[in-house]
Amino acid sequence: MAKTSSGSGDNKELSDFLRSRRARVAPEQAGVTPGASRRVPGLRREEVALLAGLSADYYIRLERGRAANASEEVLEAVARALRLDDVERAHLFNLARPQSVARASKPAVPRRVRPGAYALLEALRDTPAMILDGRMDVLALNRMARAIYVDFEIMPVRERNMARFIFLDPAARELFIDWDMAARMVVTGLHLYAGRHPNDPRLTELLDQLSAVDEDFHRWWAAHDVEEFAHGTRHYRHPLLGEVTLNYESLIFPGDPDQWLFVSTAEPGSPSSTALRTLAGRIGALDTSVHAGSASSPERLSDRQPQVQPEKG
């Protein structure tokens, strides 16, 4: 599913993305008179071509994924006509030049977490924090993240993935009060990664699995929405803490745009802040080491229960 080209050489991902963006733009937004016989949502192909200063024939070939080597000027014009934001524009450029992206991207090999990044997780021991890659593989996490989410480190390596947890584990739908928002955030992030790494076989395997078993994922992936969630708020219903609200920051590591730190904090003085301090105190006597997602552990899947026991009354 992540591959950009079909066997005929057509760029299907580019085609689907352009169709989805065209359908989103109302004629009135683009200064186009709708007319009475419009049968499609959004703009017609010919209208996009006119707005972009292109021939209708060329834009139709581009949207069908059959116009190789589109120039920067052409892509910029199409981005303006479709009213793309900065993230969508960058995604368009990646999809339109899959060969260049594939050559520039690093091979899909197991990623290593730098020792300094492990030290950072250790310093954040009382704050839920984890390191993920663009495929949503959990590479490392600290004790608080294991207690808030799930103990990824005891899972088989290939299953240590936030997308798999959110879509395939029923406990995730109980944990995230705003599950729809959290899940759609994952889908948009995977789309961005697919644009940068069009030939990643492990991504293709992940997407095929999620599409086959989860209708929500299948529908949202087909929408081709892309968005960067650098910061925001998530609401949880934790089995030990009750309802908590945490703010998150996603920080990209210098030198590796596909590896980032996901940190969750609570508003100072809030009930959620008190809950995090309580949780940190309960697990303080347990193992405080940081576990790497790249370790080869053959153990069975966790039963998803936090490795923390409630205080006795």
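Residues numbered from 1 in each chain as written. Predicted model: local features only at pLDDT ≥ 70, side-chain atom pairs only at ≥ 80, totals over all residues. Heavy atoms only, no water.

Caption draft 1: Spotlight on the overall build of the protein chain. Scanning the protein chain from N- to C-terminus turns up 14 helices and 6 strands. Across the 313 residues of the protein chain, 50% fall into the buried class. Here the protein chain has roughly 15200 Å² of accessible surface; of this, 53% comes from carbon and sulfur atoms. (Helix = DSSP H or I, 4+ residues; strand = E, 2+ residues; numbered from the N terminus. Buried < 20%, exposed > 50% of the residue type's maximum accessible area, 1.4 Å probe, protein only. Areas by Shrake-Rupley, 256 points an atom, 1.4 Å probe, with all protein chains shown as cover.)

Caption draft 2: Geometry of the side chain of D169. Relative to the assigned elements, D169 resides in the loop between helix 9 (162-168) and helix 10 (170-175). For D169, the side chain forms a polar contact with the main-chain nitrogen of A171, separated by 2.9 Å. (Polar contact = N/O pair within 3.5 Å; in protein donor to acceptor, adjacent residues only side chain to side chain.)

Caption draft 3: Structural detail: helix 14 (residues 271-283). With 13 residues, helix 14 should reach 18 Å at 1.5 Å per residue; the first-to-last C-alpha distance of 19 Å fits that figure. Turning to helix 14, its buried residues number three or more, namely S272, S273, A275, L276, L279, A280 and I283. All buried residues of helix 14 fall inside an arc of 160° around its axis, so they share one side. For helix 14, the exposed residues set more than 90 degrees away from the buried face come down to P271, R277 and G281. As for helix 14, its buried residues are in contact with helix 8 (143-148) and strand 4 (242-253). (Expected span 1.5 Å × (residues − 1). Arc of directions from axis to C-beta. Contact = heavy atoms within 4.5 Å.)

Caption draft 4: Fine view of the pattern of salt bridges. The full count for this structure, using the stated rule, is 25 salt bridges. Measuring nitrogen to oxygen at the nearest pair gives 3.5 Å for the salt bridge that ties D216 to R173. Note that D216 is positioned in helix 13 (residues 215-223) and R173 in helix 10, a separation of 43 residues in sequence. One network of salt bridges, in which partners are shared, links R21, R24, E88, R184 and D225. (Salt bridge = Lys/Arg side-chain N within 4 Å of Asp/Glu carboxyl O.)

Caption draft 5: A look at the nonpolar core. Judged by nonpolar contacts, the single largest core of 50 residues is most densely connected at Y149, F167, F176 and L190. A total of 9 residues in this core trace back to one element, the largest contributor, which is helix 11 (residues 179-196). Setting aside chain neighbours within four positions, we find F167 in contact with R173, W179, A183, V186, V187, L210, D214, D216, F217 and W220. One finds L14, A49, Y58 and L75 within the second-largest nonpolar core, a separate group that totals 31 residues. (Core = buried A, V, L, I, M, F, W, Y, C linked by side-chain atoms within 4.5 Å.)

Caption draft 6: Spatial organisation of the pairing of strand 2 (residues 138-141). The pairing of strand 1 (residues 129-133) with strand 2 spans 3 bridges and is classified as antiparallel. Opposite I131, over in strand 2, you have A140 as the bridge partner. Connecting strand 1 to the next strand, strand 2, in antiparallel fashion are 4 residues, including M136 with a positive phi near 75°. (Pairing = 2+ DSSP bridges.)

Any functional reading would require information beyond the geometric quantities listed.
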